[in-house]
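Working through the structure, step by step
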Amino acid sequence: MALRKSNTSIIRKDLMIRIFRLILQEKTEELDRIPLLLKPRGRDPWRCCLHKDRAVLKYKIMSILGYAEEDETDELTPLSWYGEHARGSQNRYLNLISEACSNCPSASYVVTNLCRGCEARPCQVNCPKNSITFKNGQAFIDTETCVSCGLCMRNCPYNAIQFQPRPCEEVCPVNAISTNAEGHEEIDMEKCILCGRCMQSCPFGAIIPSSDVPQIIQDIKSETEVVAIVAPAIAGQFRAPLEQIYGAIKAVGFTSLYEVAEGAELTARQEADELVELLKQSENPGLMSSCCPAWVDYVEKNQPSWCSSISHTPSPMVLSAIEVRKIHPNAKIAFIGPCLAKKGEARKDPNVNYAMSFEELGALIVAHGVEVAEQDPYSLNENVPELGRNFALSGGVAQSVSTLLGMELKVHQVSGLNKETIRQLKRAVKDKKSDFFEVMCCEGGCVGGAQTLTSASESVRIINS
Amino acid sequence: MKKHTVVICTGTLCHVLGGSELPSLGQSLPEAWRDLVNIKGSPCMGYCKDGAMQPPFVEVNGELIQEASVSKVLDCLEKHIAHGTKEK
Ligand code: FES
């Protein structure tokens, strides 16, 4: 489970606000003060002591500036240096800070001291592997033979047996995260699809992405043209109408804005055309959506045999960037969206220079002291790209495509890629009964992205109000 | 009858640093309290300018709640309703 409201995401955003503010004010020498400001003498530590907390904060700041722990060659290099040499997410999308990782014990069932060593011993009699013995009147699970079926937990009348997960591994849909020889967690980037679940679920905030914002700030300062291309999920991210949110994006210095919803309309049209061709075939294997980069990455890395079914249509971000490039040949193009995986996709796309999240946008707006609700509205489109705006929600892509085709489609929809939905997907692919597979890695679609400011349900509520 | 007043900061900083769900407080309000409570949103209330205070901010009849959450606000409201403290 991703932690919903928790300190880790608040600390991450707070750090970004402080960093961006200092870079804006050209006071990077004060970056070294942030850990002391957040954890001053006398404050209760989160970890063993304040010094550890401060060290972790330092690595988190480094990470936001584009440097991982292992990039540190000299421990005395001050944060101000990293601030002056901020290098964005080009080298590092996601960093796992081993200093912050609590080395959680591997997932297992544990007997707590609520165990009363009863006569019934339902844990023992229901265990299919004879893994439970009793020592000093308490149940004891032999981890060598235990197969983690959970029957002991379910049968204990005192709730004395608990499942202790390792949160990051538990949520990773592709088993990309595991313990290395030193006992720390490590992300295998060959497997990772940048869904961001580990980041959301780690109770120690040990996983933290790098940010392109420091470089964007420098570009804007040096009067380079920076065009923001903004994902449709932006609606509902702030408690203000869309036009005012765009006003705020202008106010923080972006030269101009483009709605990725426009690119999404193009995507929908091209996908519809592809589907028309496929539907003519006697046995239609089904077309798989291509707009979610984490999903496309998943197929490439884990189900290569499905690659041929993925739509050849470029994602809305890619098509938007092509359009913007025509008008602004020399501009830097910055994608703004809810998603971590877009950082990876942006790097592969020659037109997109930066990818930033809604979290980063929120932090940048606050760092500027801009109030979203006080901005002059800035409207972009006379013809609202309704079909494209649908792309932010699960079901929306399929709906747009079927509207364009003017027919009902047999859709297999995945709203949130996890071990269970992957199983269902495999079955559906075998059955060959679906015309279209709409797969979004995040629950609810892009509005449920890993780096949003409001939850999926809250942003829908804001849009409707 | 004077109602109990809840003022929720809807400033951008409070929104970004944990307050995004607070304005939907009304949905979590027990049925019996609906007529007793008046919920208002306010632009930046200024508290965020004080580095020592912890956002997001909510006021219940003028009493300030820091690091506000829906459950903290409901708890504070309950106290106010029980004591019959009304807005002056
Ligand atoms: S934004 Fe809430 S007090 Fe300033």
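Residues numbered from 1 in each chain as written. Chains lettered and ligands numbered in written order. Predicted model: local features only at pLDDT ≥ 70, side-chain atom pairs only at ≥ 80, totals over all residues. Heavy atoms only, no water.

1. With respect to the overall build of chain A
When its secondary structure is counted, chain A shows 19 helices and 15 strands. Its C-alpha radius of gyration of 24 Å places chain A within 12% of the 23 Å reference for a compact globule of 465 residues. The C-alpha extent of chain A, read off along each of the three principal axes, is 75 × 70 × 45 Å. Every one of the 465 residues in chain A was classed for burial, and the buried ones make up 54%. Contacts in chain A between residues far apart in sequence, at least 24 positions, make up 70% of those at least 6 positions apart. Carbon together with sulfur atoms contributes 48% to the accessible area of chain A, which is approximately 21,100 Å² in total. Once the 49 positive and 57 negative side-chain charges of chain A are each reduced to a mean point, those two points are 6 Å apart. (Helix = DSSP H or I, 4+ residues; strand = E, 2+ residues; numbered from the N terminus. Rg over C-alpha atoms; globule rule 2.2 N^0.38 Å. Buried < 20%, exposed > 50% of the residue type's maximum accessible area, 1.4 Å probe, protein only. Contact = heavy atoms within 4.5 Å. Areas by Shrake-Rupley, 256 points an atom, 1.4 Å probe, with all protein chains shown as cover. Lys, Arg positive; Asp, Glu negative; His and termini not counted. Charge placed at Lys NZ, Arg CZ, Asp CG, Glu CD.)

2. Let's talk about the overall build of chain B
When helices and strands are counted, chain B shows two helices and four strands. In chain B, the succession of α and β elements from N to C terminus is β-α-β-β-β-α. Each of the three principal axes of chain B carries a C-alpha extent, and together these read 35 × 25 × 20 Å. With 88 residues in all, chain B has 44% of them scored as buried.

3. Some remarks on helix H17 (residues 396-405) of chain A
Residues and elements named next belong to chain A. Among all positions in H17, only Gly396, Val397, Ala398, Ser400, Val401 and Ser402 are buried. Elements in contact with the buried residues of H17: helix H11 (260-280), helix H16 (386-389), strand E14 (411-415) and strand E15 (436-440). At the exit of H17 stands glycine 406, carrying a positive phi of roughly 65°.

4. Re a negative patch on the surface
Together, Glu182, Glu186, Asp188 and Glu190 of chain A give the surface a local cluster of negative charge. The topology assignment puts glutamate 190 of chain A in the loop between strand E7 (185-187) and helix H8 (197-201). (Patch = residues over 30% accessible without salt bridge, like charges linked within 9 Å, V, L, I, M, F, W, Y side chains within 5 Å. Salt bridge = Lys/Arg side-chain N within 4 Å of Asp/Glu carboxyl O.)

5. Let's talk about the packing of aromatic side chains
Residue and element names in this part refer to chain A. Inspection of every chain in the model, using the stated rule, returns seven aromatic pairs over all chains. The interplanar angle of 50° and the centroid separation of 5.0 Å between the aromatic rings of tyrosine 109 and phenylalanine 163 together place this pair among those described as tilted. Separated by 54 residues along the polypeptide, tyrosine 109 in strand E2 (residues 108-111) and phenylalanine 163 in strand E5 (residues 161-164) bring together distant segments of the chain. For phenylalanine 163, a relative accessible area of 29% translates into the label partly exposed. Between tryptophan 295 and tryptophan 306 the ring centres are 6.3 Å apart and the planes differ by 50°, which places this aromatic pair in the tilted class. On the criterion of sequence distance, the pair formed by tryptophan 295 in helix H12 (residues 293-302) and tryptophan 306 in the loop between H12 and helix H13 (316-327) is long-range, its members being 11 residues apart. Take tryptophan 295 and tryptophan 306: they sit in the same class, and that class is buried. Here the aromatic residues Tyr67, Trp81 and Tyr82 are joined through ring pairs into a cluster of three or more. Over the face of the ring belonging to phenylalanine 140 we find lysine 135, whose NZ or CZ atom lies 3.8 Å from the ring centre. (Phe/Tyr/Trp six-rings, centres within 6.5 Å; stacked < 30°, edge-to-face > 60°. Lys NZ or Arg CZ within 6 Å of the ring centre and 35° of its normal.)

6. Things to note about the nonpolar core
Residue and element names in this part refer to chain A. Membership of the largest hydrophobic core comes to 119 residues, with the highest contact counts inside it found for Phe20, Ile249, Phe254 and Trp295. Top element by residues in this core is helix H1 (residues 7-24). It accounts for 10 residues. Setting aside its immediate chain neighbours within four residues, isoleucine 249 contacts Ala228, Val230, Phe254, Leu257, Ile336 and Leu361. (Core = buried A, V, L, I, M, F, W, Y, C linked by side-chain atoms within 4.5 Å.)

7. Structural notes on the interface of chain A and chain B
Facing the 22 residues of chain A at the interface are 16 residues of chain B. Where chain A touches chain B, the interface holds zero salt bridges. Mapped onto the side of chain A that touches chain B, the elements with two or more residues apiece are H1, helix H15 (358-367) and helix H19 (456-464) of chain A. Considering every element that reaches the side of chain A that touches chain B, the biggest residue donor is H1 of chain A, with five residues. Grouping the constituent residues of the side of chain A that touches chain B by class yields nine nonpolar, four polar and nine charged. (Nonpolar A, V, L, I, M, F, W, Y, C, P; charged D, E, K, R; others polar.)

8. A look at the side chain of serine 459 of chain A
Looking at the element boundaries, serine 459 of chain A is found in helix H19. Side-chain polar atoms of serine 459 of chain A contact the backbone oxygen of alanine 456 of chain A, separated by 3.2 Å. (Polar contact = N/O pair within 3.5 Å; in protein donor to acceptor, adjacent residues only side chain to side chain.)

9. Focus on the environment of phenylalanine 140 of chain A
Its location among the elements puts phenylalanine 140 of chain A in strand E4 (residues 138-141). Here phenylalanine 140 of chain A is in contact with Val111, Ser131, Ile132, Thr133 and Lys135 of chain A, once residues within four sequence places are set aside.

10. Focus: H12 of chain A
All names here are of chain A. Of all 10 residues in H12, seven are buried; the element is thus mostly enclosed. Listing the buried residues of H12 in full gives Pro293, Ala294, Trp295, Val296, Asp297, Tyr298 and Val299. Residues of H12 that are buried make contact with strand E11 (287-288), helix H14 (341-348), helix H18 (419-431) and E15.

11. Concerning the sheet that holds strand E4 (residues 63-65) of chain B
Note: strands within a sheet are paired through backbone hydrogen bonds, in either parallel or antiparallel orientation. Residues and elements named next belong to chain B. Ordered in space as E2-E1-E3-E4, the four strands form an open sheet in which the pairing is mixed. With one partner strand each, in any of the chains shown, strand E2 (37-42) and E4 form the two edges of the open sheet. Mean inter-strand twist for the sheet, computed between neighbouring axes without regard to direction, equals 20°. Direction of pairing for strand E3 (residues 58-60) relative to E4: antiparallel, over a ladder of three bridges. (Pairing = 2+ DSSP bridges. Axes fitted to C-alpha atoms, helices over the stretch in contact; angles between N-to-C directions.)

12. Things to note about the environment of glutamate 78 of chain B
In this fold, glutamate 78 of chain B is placed in helix H2 (residues 70-83). Between the C-alpha atoms of glutamate 78 of chain B and tryptophan 33 of chain B, which are 45 residues apart in sequence, the distance is 9.1 Å.

13. Some details on the domain arrangement of chain A
By the assigned domains, chain A splits into domain 1 (7-103 + 168-211), domain 2 (121-165) and domain 3 (215-464). On a C-alpha basis, the centres of domain 1 of chain A and domain 2 of chain A stand 38 Å from each other. (Domains from an automatic or database assignment.)

14. Focus on the confidence of the model for chain B
Per-residue pLDDT for chain B averages 92, and the proportion of residues at 70 or more is 94%. As a predicted assembly, this complex carries a pTM of 0.93 together with an ipTM value of 0.93. (pLDDT = per-residue confidence, 0-100.)

15. Some details on the sheet that holds E14 of chain A
Residue and element names in this part refer to chain A. Overall, parallel pairing links the three strands, which are arranged E11-E15-E14 in an open sheet. Strands at the two margins of the open sheet, each flanked by one partner only, are E11 and E14. Across five bridges, the pairing between E14 and E15 is parallel. Residue pairing across strands places glutamine 413 opposite glutamate 438, the latter belonging to E15.

16. With respect to the state of the cysteines
Tallied over the entire structure, the rule returns zero disulfides over all chains. Note on cysteine 104 of chain A: no disulfide assigned, nearest cysteine sulfur contributed by cysteine 101 of chain A at a separation of 6.2 Å. (Disulfide = S-S within 2.5 Å.)

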